[in-house]
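Per-entry structural report
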Amino acid sequence: MTAEALPIPPLRRDDRGLPFVGRVLDYAKDPVGLFRHHYERYGPVAPWYALGRTSVMLLGPDACGEALQNRDKAFANGPAWSQLVGPFFRRGLMLLDFDEHKGHRRIMQEAFTRPRLESYTRRLHPAIETGLAGWNADREFPSYWRLKQLTLDIAADLFMGGAQDTSRAEMDRVNKAFIACVQAAAGIVRADVPFTRWGKAYRGRKVLEKFLRHYLPVKRAQQTDDIFSVLCHIETEDGDRFSDDDVVNHMIFLMMAAHDTSTVTTSTILQYLGQHPAWQERCREESLALGPEPTMAELEGLVALDLVMKEALRLRAPVPVLVRYTVRDTVVQGVRIPAGTSAALGLQFTHLMEDYWSNPTAFDPERFTPERREDRSHRFAWEPFGGGVHKCIGLYFAGLEVKAIMHRLLREHRWTVDPAYEPPLDNHSLPFPKDGLPIALA
């Protein structure tokens, strides 16, 4: 703590928004616009009012980077995410902190070693082939919703080992339960009240627990190569293992993260490749040069698709904002933030700042080529997976899944999207197109 540190700027009256609700509705309408307004008015540590309390926005790569690195261990995940989705993803890896988080992450890392990723890659292809079998030509193909069904089916196969006795109706209930738990982040009434977002999420959590606990004894009894079984059996050199409750909690969080964020990224790629046919053909040429079921190394070698995926993650980060809570006083960018303060890290805003990106709203995958590498304009200019000790543990798996889906789509289909189309995004939690992102699929 330095004597020169300044207090958080006072919030101006015209920035308070509605009583109690504050600027929540403004965020849902245009999150980047709201962040830009506060950045220009207050700087990288900006006050904002929402849900009856004044918190701070951390804006720009310097401020976000300090919170992500968290050198003085002032920022905690658990208290922050618990205010949004805590009862529904409780004790998932993202909601743990410090030594406890380190211990759980150390065990879970064993589920994402390269040999296991290679095994998961082999399992991806038949699941994707089955899921895409019903994709037929349609000028108004609802790509987002069909991708969401596909990624949940993939998660059921890779994470659950196929869940052989599970019906389509049951998987639909599981999908709706995940949606309810994620959408709880935008809840105004934060209690188990019927017909509210949190009320629906409480019931969704019960569905997910029942679903997973049904399979738990079988997974404990026999080791297979699906992630559920891996979590049941992995242990560190010191013999540390997960309890049954740990396995269920981590599975709920991992399945949500695996299919929701991958759906956002894949649908974004579909949109931009549909609007930029030259890039679609460039990616298709690479995929046609490989077989229908490429290895992990071959997927990693899809250069054009990798550039497109990185640009999609920049333009529409699946998790556009991270939240933290200060457990002790700290200083960010010369501004003193007291203990007990909630902070919103505007990663998506950083991805669109002109200081670090040329023509930042344009689709330009070449910006990630070795000759340009605009993502290196600042260490934290591009952070779609977060950073520091809480950086997404499944980021490599997510990239493989997205590439494997796109690889087969490029080999089997062509599609177009109106160049003027802009998806009407629902920003209450993870951003998704309310119209289902229709494409002309051939």
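Look above for the structure.
The paragraphs below set out a description of the structure included in this document. (Residues numbered from 1 in each chain as written. Predicted model: local features only at pLDDT ≥ 70, side-chain atom pairs only at ≥ 80, totals over all residues. Heavy atoms only, no water.)

Attention now moves to the packing of aromatic side chains. A full pass over the atoms with the stated rule returns 15 aromatic pairs. With 4.7 Å between their ring centres and 50° between their planes, W135 and F141 make a pair best called tilted. Here the aromatic cluster, defined as three or more aromatic residues joined through ring pairs, consists of F88, W198 and Y202. Over the face of the ring belonging to Y49 we find R16, whose NZ or CZ atom lies 4.2 Å from the ring centre. (Phe/Tyr/Trp six-rings, centres within 6.5 Å; stacked < 30°, edge-to-face > 60°. Lys NZ or Arg CZ within 6 Å of the ring centre and 35° of its normal.)

If you walk across this open sheet you meet the five strands as β2-β3-β9-β6-β4, and the pairing is mixed. Unpaired on one side and paired on the other, β2 (45–50) and β4 (75–76) mark the two borders of the sheet. Direction of pairing for β2 relative to strand β3 (residues 53–58): antiparallel, over a ladder of six bridges. Looking across to β3, one finds that W48 is bridged to S55. Of the strands in this sheet, β2 and β3 touch helix α2 (residues 31–42), which is tilted by about 130° from β2. (Pairing = 2+ DSSP bridges. Helix = DSSP H or I, 4+ residues; strand = E, 2+ residues; numbered from the N terminus. Contact = heavy atoms within 4.5 Å. Axes fitted to C-alpha atoms, helices over the stretch in contact; angles between N-to-C directions.)

One pass over the structure, following the stated rule, counts 31 salt bridges. R41 serves as the salt-bridge partner of D14, at 3.0 Å between the closest nitrogen and oxygen. Of this pair, D14 sits in the loop between β1 (6–7) and α1 (24–29) while R41 sits in helix α2, and the two are 27 residues apart along the sequence. On the basis of relative accessible area, D14 is assigned to the exposed category, the value being 55%. The class for R41 is partly exposed, based on a relative accessible area of 28%. Between K310 and D306 there is a salt bridge; the shortest N-O distance is 3.3 Å. Of this pair, K310 and D306 both sit in helix α14 (residues 303–315), separated by four residues, roughly a single helical turn. Here the salt bridges do not stand alone but share partners, grouping E311, R314, D364, R367, R372 and E374 into one network. (Salt bridge = Lys/Arg side-chain N within 4 Å of Asp/Glu carboxyl O. Buried < 20%, exposed > 50% of the residue type's maximum accessible area, 1.4 Å probe, protein only.)

Below, the discussion takes up a nonpolar patch on the surface. A grouping of F20, I188, V189 and V193 is seen on the molecular surface, where their side chains present a nonpolar patch of about 300 Å² in accessible area. Locating F20 in the fold gives a position in the loop between β1 and α1. (Patch = residues over 30% accessible without salt bridge, like charges linked within 9 Å, V, L, I, M, F, W, Y side chains within 5 Å. Areas by Shrake-Rupley, 256 points an atom, 1.4 Å probe, with all protein chains shown as cover.)

It is at 11 Å that the axes of helix α7 (residues 143–160) and helix α8 (residues 168–183) come closest, and there the two elements cross at 105°. Comparing the axis directions of α7 and α8 gives the class roughly perpendicular. On the side of α7, the interface is formed by K148, Q149, L152, D153 and A156, while α8 contributes R168, M171, N175, F178 and I179. (Parallel < 35°, antiparallel > 145°, perpendicular 65-115°, else oblique.)

In this model, α2 (twelve residues) spans 16 Å end to end at C-alpha, consistent with the 16 Å of a helix rising 1.5 Å per residue. Of the positions making up α2, those classed as buried are P31, V32, L34, F35, H38 and Y42. Considered in projection along α2, the buried side chains sweep an arc of 160° and stay on one side of the axis. Tucked inside the fold, the buried residues of α2 contact α1, β2, β3 and α15 (347–350). (Expected span 1.5 Å × (residues − 1). Arc of directions from axis to C-beta.)

Moving on, we come to the nonpolar core. If you look at the biggest cluster of nonpolar residues, it comprises 137 residues, and the most contacted ones within it are L58, F89, F159 and L231. The leading source of residues in this core is helix α11 (residues 244–275), at 14 residues. Residues in contact with F89, not counting those within four places in the same chain, are L95, C181, V182, R205, I252, F253 and M256. (Core = buried A, V, L, I, M, F, W, Y, C linked by side-chain atoms within 4.5 Å.)

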